[in-house]
Amino acid sequence: MSETIVPIYDAQKIEKKWQQKWAEDKIYDSNIDHNRQKYYVLTMLPYPSGNLHIGHWYAMTPPDAHARFKRMQGYNVMFPMGFDAFGLPAENAAIKNNIHPSKWTFANIDHMRNQLKSMGAMFDWRREIISAKPEYYRWTEWFFLQLYKHNLAYRKFSPVDWCPHCNTTLAREQVWGDDRHCERCGTPVIKKDLNQWYFRTTNYAEELLDFSEMDWPERVQTLQTNWIGRSEGASVTFKTEYGDPMEVFTTRPDTLWGATFMVIAPEHPLVAKLTSAEQAQAVNAYVEQAKKQTDIQRETADREKTGVFTGSYAINPVNQARIPIWIADYVLMGYGTGAIMAVPAHDKRDFDFARKFGLKVIVVVQPDDMETLDGDTMLDVAPTHGRLVNSDLMTGTSGEDAFDTVVNWLEEQKIGHRTITYRLRDWLISRQRYWGAPIPMIHCPHCGVVPVPEDQLPVLLPDDVEWKPTGESPLKLHPTWKHTKCPVCGADAERETDTMDTFMCSSWYHLGYLSPYFPTWPFDQKEYDYWMPVDIYTGGIEHATMHLIYTRFFHKACRDMGITKGSEPMLKLRNQGSVLGEDNEKMSKSRGNTVDPDKLVASYGADTVRAYLMFFARWELGAPWNSSGIEGSSRWLRRTWSMFLEPDDSGKRASADVLVKLRRKAYQTLKAVTRDFEAFQFNTIVSGLMELLNEISKAKQAGAWNTPEWKEIVTLYLRMTAPVTPHIAEELWSLTGHQGSVHTQPWPEMDWEAAKEEEVTIVVQVNGKLRDRITIAADSTDEEARELGLASAAVISAMAGKPAKKVIVVPKKLINIVI
RNA sequence: GGCGCGAUGGCGGAAUAGGCAGACGCAACAGACUUAAAAUCUGUCGAUCGCAAGAUCGUGUGGGUUCGACCCCCACUCGCGCUACCA
């Protein structure tokens, strides 16, 4: 080979060099520029747990490649990064190692910032925000006050979910799974009666169901839609014998005539009043027992029904029937009105209950294709589609019309009305922990609950706090912190000692990046008007019903308060999957199957890690790690390196044909790669570039080195790889004699003429079976193709002398001869 | 129980409008270079039959639509996720 000395590919050296150079040249600073179209790329910010995980690389480097691509396309791209720095692990570390949460957090941030820089991403570090800084959380507190002022924050005493391990309450969204465990630590939650702060997310339930302006994955829309749980039905008022109204919600008002009893939740406010003297003992015992049970955990669905008769009756408003009122824990106080009308003939739960306690069953819906049902003898619930029977004046109404007919009648009679119920709950934001943004409220013995005046923000966290887990807020146990004066009357008063859910901090961080720690408003209006909304947001699917609902609620609430504009904060969302361990299990320290990105960077370089993460799986699905697979990406970059740097001195001269083919492949790749960058299809971007390199290799062997076409393809290839592997692309850009940074180059222009195929291979089938392949000019007519196909020897023999009944010609693809 | 997603070689995956199944890569095998190994380069690589040319089968299972189905429809199996006495 050549005598020329080719430098070896030293990834670490190159990467460090360029990262420094890019920072010095400030090539990733994002500034308002009204001459260019903006593009705001946002990736969910990390919690500063101490170390960057391979999952962080997987979440961040593909969006970085997308951001770089858009930048080369001419967009003014902002890609910020920060830290979601409040939260429990800091406190747990404090308890375990006796180190202050603040010290722990900020030390971790310093370490992780350096790790993030080793990715070579185009983060604009001037825009970094850290949610635990007073300059940031002052605005988190400010937002709370705005919500409070607009009656979107309120305080309520009620049973709440409590994590006994984290020693704090949780929002409904943070309680997961069959066993109702804490989303953070996995401990099953218990119920506690507490006074807590809530945001009125339910005010926005209907609007949150509207995804029409957004390009979000179907899956997330489904998860959110189910979580919000809209059901259409009717609210119907029954009366007790004593005249108390008892409202129930039903999705099937047409089955009202089949209501043979009522059931109320054990916590229902009318329990005491409805309990007769004879039943008092049984009812008290049942209510006590139910209370205990909810304290342990919510029962499973297929559990045997339990319940007790109150001794009282209600009047069914549609037919004046006198029906018994029971208490049972299968009716939940938290949904609907905590009372139901039971229609045992058509509801499985009511049926089980009726059979167990010997209650009457009346069939009111008779399906046309079934024999006449009998409530006394039927073995299971009847389907709920058919024609109404045993329903007085409604008898005979058929399935589809029944709902509307009955509801209209109920509204005329003024005994019920159409209504909608949601499963979504208001967001419980109080946390009995230290390391969070204080809730800026004051409890005054004379004035009640009073907000901290805005000019006194932030309410700072004290440094000297005892953070032992006692079940009480650490701030409550601080000797002096909570004592203050009432801002209204000046009397001695106490601060709220709970802090806010950290999801509050992350509900507006995308605004924080606009103008970090802006002194007079949560963000600089000029920056907001230019950059918002977020054009593309990426992160894990696990936030579908938590952060992604909260932040949408937050944006809509702020819009209604005149702070933000538009109905949605993030127009487009894409979710990455997860990288599993080599054993196909979730990565965890205890399993010992984690992959350390620092080690990979040390042995392969960041570019190889980036390329492999984009290549090895479909980004939205993820896949198990494969430590020999990464060799392929490493090989690809080493080949790229020597391909362009090792001269070919064999003296061969490439034919025109070779060069035409090379250019064709290059522009076809450009077309595919451009489409895939747009569509977040990172794996096919890398495989497309690999294919192109294979073609370049063939052309080089055929003598294409250093021809004008070769030089053209080098600049094309390096620009296409720049978003994926920014360091090696930059180094090769410079070593092959190009000026400036490859990252400030425009994305290549498409040459459609060069990409065009002159000849195409057409598949010839007989009765759908592949019989021959013919190569014809790309501009052949269908008629020419058809004749060539029919002339093929293999086709003639397959047709065995039979005439063609039909010939289908798909241009440039296929001919199918039907015989 | 309900809703949703998925199933393609030994493995990860490709096939972006219903039109050549298995691109690209890993692993494996063979060859070149080397004292040897690594690295690199060149090939082979879905299954069965065949010396070969080639033939048949093949995208979880069973059916359907179509000239033609990994792709659309129906039923099912398995796996994953969410949700669950939600009235």
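Structure shown above.
Just so it is clear, the model here is predicted, and its values are computed rather than measured.

> Can you lay out the sheet that holds strand E17 (residues 427-428) for me, pointing to particular residues and giving the numbers?
Here we have four strands laid out as an open sheet, ordered E4-E3-E7-E17, and antiparallel in their pairing. Both edges of this open sheet fall to strand E4 (168-170) and E17, since each of them pairs with a single strand only. Across two bridges, the pairing between strand E7 (residues 190-199) and E17 is antiparallel. Along E17, the bridge assignment pairs Phe-199 with Trp-427. Those strands touched by helix H5 (residues 134-149) are strand E3 (153-163) and E7, and its axis lies near 85° from that of E7.

> Just give me the short version of the pairing of strand E26 (residues 759-766), but keep the residues and values in it.
As a general feature of sheets, a regular strand has side chains that alternate between the two faces. As defined by bridge partners, E26 adjoins strand E27 (residues 769-777) across eight bridges and the pair is classed as antiparallel. Of the residues in E27, the one forming a bridge with Thr-761 is Thr-775. Of the strand pairs in this sheet, E26 and strand E29 (residues 814-818) are connected by four bridges, and their pairing is parallel. Counterpart to Gln-765 in the pairing with E29 is Asn-816.

> Describe the packing of aromatic side chains, and please don't skip the residues or the numbers.
Tallying each qualifying case throughout the model produces 48 aromatic pairs. Summarising the aromatic geometry, the rings of Tyr-39 and Tyr-75 are spaced 5.5 Å apart at their centres and angled 50° between planes, so their arrangement reads as tilted. Taken together, the residues Tyr-39 in strand E1 (residues 38-43) and Tyr-75 in the loop between helix H2 (54-72) and strand E2 (76-78) connect sequence positions 36 residues apart. We classify Tyr-75 as partly exposed; its relative accessible area is 21%. A connected cluster of aromatic rings, assembled from ring pairs, spans Phe-144, Tyr-148, Trp-197, Phe-199, Tyr-204, Trp-427, Phe-503, Tyr-550 and Phe-553. Taking NZ or CZ as reference, Arg-184 lies 5.8 Å from the ring centre of Tyr-47, over its face. Sitting over the face of the ring of Trp-481, Arg-495 holds its NZ or CZ atom 5.8 Å from the ring centroid.

> Tell me what's going on with the pattern of salt bridges, and back it up with residues and numbers.
In this structure the tally under the stated criterion is 46 salt bridges. In this structure, Asp-64 and Arg-610 form a salt bridge, with 2.7 Å as the shortest nitrogen-oxygen distance. With Asp-64 in helix H2 and Arg-610 in helix H17 (residues 606-615), this residue pair connects regions lying 546 residues apart in the sequence. No difference in accessibility class separates Asp-64 from Arg-610, as the two residues are buried. Each of Glu-207, Arg-552, Lys-556, Arg-559, Asp-560 and Glu-568 takes part in salt bridges that share partners, so that together they form one network.

> Can you break down helix H16 (residues 597-604) residue by residue, with the values?
Looking only at H16, the buried set comprises Pro-597, Leu-600, Val-601 and Tyr-604. Here the buried residues of H16 occupy an arc of 100° about the axis, which is enough to place them on one side. Facing away from the buried surface of H16 by more than 90 degrees, the exposed residues are Lys-599, Ala-602 and Ser-603. Those residues of H16 hidden inside the fold are in contact with helix H1 (11-25), H2, H17 and helix H18 (629-645). Regarding H16, its N-cap is Asp-596, as a side-chain oxygen of that residue lies 3.0 Å from the backbone nitrogen of Asp-598 further along. Directly beyond the C-terminal end of H16, a positive phi value near 95° is found at Gly-605.

Criteria and thresholds
Residues numbered from 1 in each chain as written. Chains lettered and ligands numbered in written order. Predicted model: local features only at pLDDT ≥ 70, side-chain atom pairs only at ≥ 80, totals over all residues. Heavy atoms only, no water. Pairing = 2+ DSSP bridges. Helix = DSSP H or I, 4+ residues; strand = E, 2+ residues; numbered from the N terminus. Contact = heavy atoms within 4.5 Å. Axes fitted to C-alpha atoms, helices over the stretch in contact; angles between N-to-C directions. Phe/Tyr/Trp six-rings, centres within 6.5 Å; stacked < 30°, edge-to-face > 60°. Buried < 20%, exposed > 50% of the residue type's maximum accessible area, 1.4 Å probe, protein only. Lys NZ or Arg CZ within 6 Å of the ring centre and 35° of its normal. Salt bridge = Lys/Arg side-chain N within 4 Å of Asp/Glu carboxyl O. Arc of directions from axis to C-beta. Polar contact = N/O pair within 3.5 Å; in protein donor to acceptor, adjacent residues only side chain to side chain.

The values are spatial; any link to function lies outside them.
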